[in-house]
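An overview of the molecular structure
Now for the letters of each chain:
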Amino acid sequence: MIYKVPFVDPKKNYQMIRSEIDQAYFDVMSKGDLVDRTHLKSFERNLAQFVGTRYAVGLNSGYDALHMSLRASGIGSGDEVIVPAHTFVATTSAVVNVGATPVLVDVAKDFNIDIEKIEAVLTEKTKAIIPVHLSGHMADMVRIMEIAEKYHLVIVEDACQSLGATLNGKSAGSWGLSGCWSFYPFKILGGYGDGGAITTNDPDVALFARRMRYNGEDRETGEYHGHGFTCLLDNLQAAFLDVKLRHLPGWITRRKEIAQEYRNTLSDISDLVLPHYDDPRYDDIFQNYTVRSKQGNDFSEYLKKNGVEVLTQFRKPYYKHKALKLNDRGFTETEDLSREVCSLPINVEMDDDQVVYVIEIVRSFYKK
Ligand SMILES: *Cc1c(COP(=O)(O)O)cnc(C)c1O
């Protein structure tokens, strides 16, 4: 089906910045700079500066960023790590794949981990919390850092959906031991394939990730410092991401504009809950504009039928997938929102007419 308003529009995005992307491509290709060269170093410098950390280390995906962060903290077999019940599955898979046990905690009305429910699940074995900043709105890092200090826990931020978001002026990905980033094509800063990074102020974490992404090797001495992985961010992807990072502040402004337009025109619909939290400490970047509709699938199917592509992440919570063998303790908020979530298109490729069209279709559903 061809949508009047696609959820994302990579072809159009390319056209918007074509000369810069083509220039980056020619620069990399003509120099033959494919692995760990100046483009990667430049992107890492610029990303660290954007987030406000001392280091950024480019990796192959957001998953790898989580995985490397847990390994850098020495987390493994016998350890417990607290994760939200409502997130992308990779958050929890990283925990399982280092041999630790994920302990799921329900989320609150803002889709992020419910701080009130964390202390009840702490045990002697709890080593870390992975707060997820979902959809461009940060988890309450002030309170999470208080808990971390009180119980001596490591904090790894899954910031994959919140590049540019802040709380009290401090960026997502700069609070914990490390921040994890994904440059999956449809993230707010997306490459043309998989990509990721960690940001950190800790020189040991940065050094660990730099070595382990390259099979444990110190590239200057040739010494192997452990059994590592192959998960280095491509130099070519880094060159593209560096271009896009320059556009990010403007793109975030545009997303906020669209979000405000949705708010202005849809907030009178009582069966629809919009993702605005009105806490002046938070600056949200709207990676997703996820509404909750009481009408669930009827609402999302109606939008799709009328040419508006929407995402319903996730109708089935990840912990209900049998093969993952996770402990479903009954997470009522996650289950309620899973029936209702619907992410409306919000991206920099949309023009004003498309925004108006989405609004019209949403309103027409509720007029029936
Ligand atoms: C995208 C995403 C990831 C994983 O990123 P990949 O680059 O696809 O591995 C992890 N956590 C969250 C919250 C994400 O949105």
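Residues numbered from 1 in each chain as written. Predicted model: local features only at pLDDT ≥ 70, side-chain atom pairs only at ≥ 80, totals over all residues. Heavy atoms only, no water.

Overall, the coordinates contain 27 salt bridges when judged by the stated rule. For the salt bridge of lysine 320 with glutamate 335, the shortest nitrogen-to-oxygen distance reads 3.4 Å. Here lysine 320 is found in the loop between helix 9 (296–305) and helix 10 (332–340), whereas its partner glutamate 335 is found in helix 10, with 15 residues between them in sequence. Among the salt bridges present, the one from arginine 339 reaches aspartate 336, with a minimum N-O distance of 2.8 Å. Linking arginine 339 with aspartate 336, this pair stays in helix 10, spanning 3 residues, or about one helical turn. Several salt bridges converge on common partners, so that one network encompasses Asp36, Lys41, Glu44, Arg210, Arg213 and Arg219. (Salt bridge = Lys/Arg side-chain N within 4 Å of Asp/Glu carboxyl O. Helix = DSSP H or I, 4+ residues; strand = E, 2+ residues; numbered from the N terminus.)

On to the packing of helix 2 (residues 18–31) against helix 8 (residues 235–266). One way to put it is that helix 2 packs onto helix 8 with a least axis distance of 9 Å and a crossing angle of 150°. In terms of orientation, helix 2 lies roughly antiparallel with respect to helix 8. Considering the relative orientation of helix 2 and helix 8, their crossing is right-handed. Residues Glu20, Ile21, Ala24, Tyr25 and Val28 of helix 2 form the contact with helix 8, whose own contacting residues are Asn235, Leu236, Ala239, Phe240, Val243, Arg246 and His247. Taken together, the residues of the contact of helix 2 with helix 8 sort by class into 8 nonpolar, 2 polar and 2 charged. (Axes fitted to C-alpha atoms, helices over the stretch in contact; angles between N-to-C directions. Parallel < 35°, antiparallel > 145°, perpendicular 65-115°, else oblique. Left-handed = near helix turned anticlockwise from the far one by under 90°. Contact = heavy atoms within 4.5 Å. Nonpolar A, V, L, I, M, F, W, Y, C, P; charged D, E, K, R; others polar.)

What follows concerns the nonpolar core. Among the nonpolar cores identified, the biggest contains 43 residues, and Phe43, Leu47, Ile82, Met138, Leu163, Trp181 and Phe183 are the most heavily contacted of them. Breaking this core down by element, the ones donating at least two residues are helix 3 (38–51), strand 3 (101–105), helix 6 (141–151) and helix 8. The two domains that each donate at least three residues to this core are domain 1 (10–243) and domain 2 (248–367). With residues near it in sequence (within four places) discarded, methionine 138 still touches Asp110, Asn112, His133, Ala165, Thr166, Leu167, Lys170, Ser171, Ala172, Trp175, Tyr282 and Asp284. Formed by 29 residues, the second largest nonpolar core is a distinct cluster that contains Val57, Met68, Ile130 and Cys180. (Core = buried A, V, L, I, M, F, W, Y, C linked by side-chain atoms within 4.5 Å. Buried < 20%, exposed > 50% of the residue type's maximum accessible area, 1.4 Å probe, protein only. Domains from an automatic or database assignment.)

Turning to the site of the ligand, a few remarks are in order. Lining the immediate environment of the ligand, one finds 14 residues, of which Gly62, Asp158, Gln161, Ser182 and Lys187 sit closest. Within the side chain of glutamine 161, one N or O atom sits 2.8 Å away from an oxygen atom of the ligand. Note that an oxygen atom of the ligand is positioned 2.6 Å from one of the side-chain N or O atoms of serine 182. Coverage of the ligand by the protein chains reaches 91% of its 380 Å² of free accessible surface. Secondary structure elements with two or more residues in the shell around the ligand: helix 4 (62–72) and helix 5 (90–97). Its residues assigned to classes, the shell around the ligand comprises 5 nonpolar, 7 polar and 2 charged. (Near = heavy atom within 4 Å. Polar contact = N/O pair within 3.5 Å; in protein donor to acceptor, adjacent residues only side chain to side chain. Areas by Shrake-Rupley, 256 points an atom, 1.4 Å probe, with all protein chains shown as cover.)

For the protein chain, the assigned domains read domain 1 (10–243) and domain 2 (248–367). Tallying the contact residues gives 44 residues for domain 1 and 33 residues for domain 2. Between domain 1 and domain 2 the total buried area reaches about 3300 Å² when both faces are included, carbon and sulfur atoms providing 60% of it. Sorting the residues of domain 1 by area buried against domain 2 places Leu104, Phe111 and Ile188 first, and these three jointly supply 20% of that buried surface. Here lysine 109 makes a salt bridge to glutamate 333, at a shortest N to O gap of 3.2 Å. On inspection of domain 1 and its partner domain 2, the count reaches 18 residue pairs in polar contact (both at pLDDT 80 or more). Those elements that place two or more of their residues in the side of domain 1 that touches domain 2 are helix 1 (10–16), strand 2 (80–84), helix 5, strand 3 and strand 6 (166–167). A total of 4 residues in the side of domain 1 that touches domain 2 trace back to one element, the largest contributor, which is strand 3. Among the residues forming the side of domain 1 that touches domain 2, the class breakdown is 26 nonpolar, 12 polar and 6 charged. (Buried area = accessible area lost by both parts, 1.4 Å probe.)

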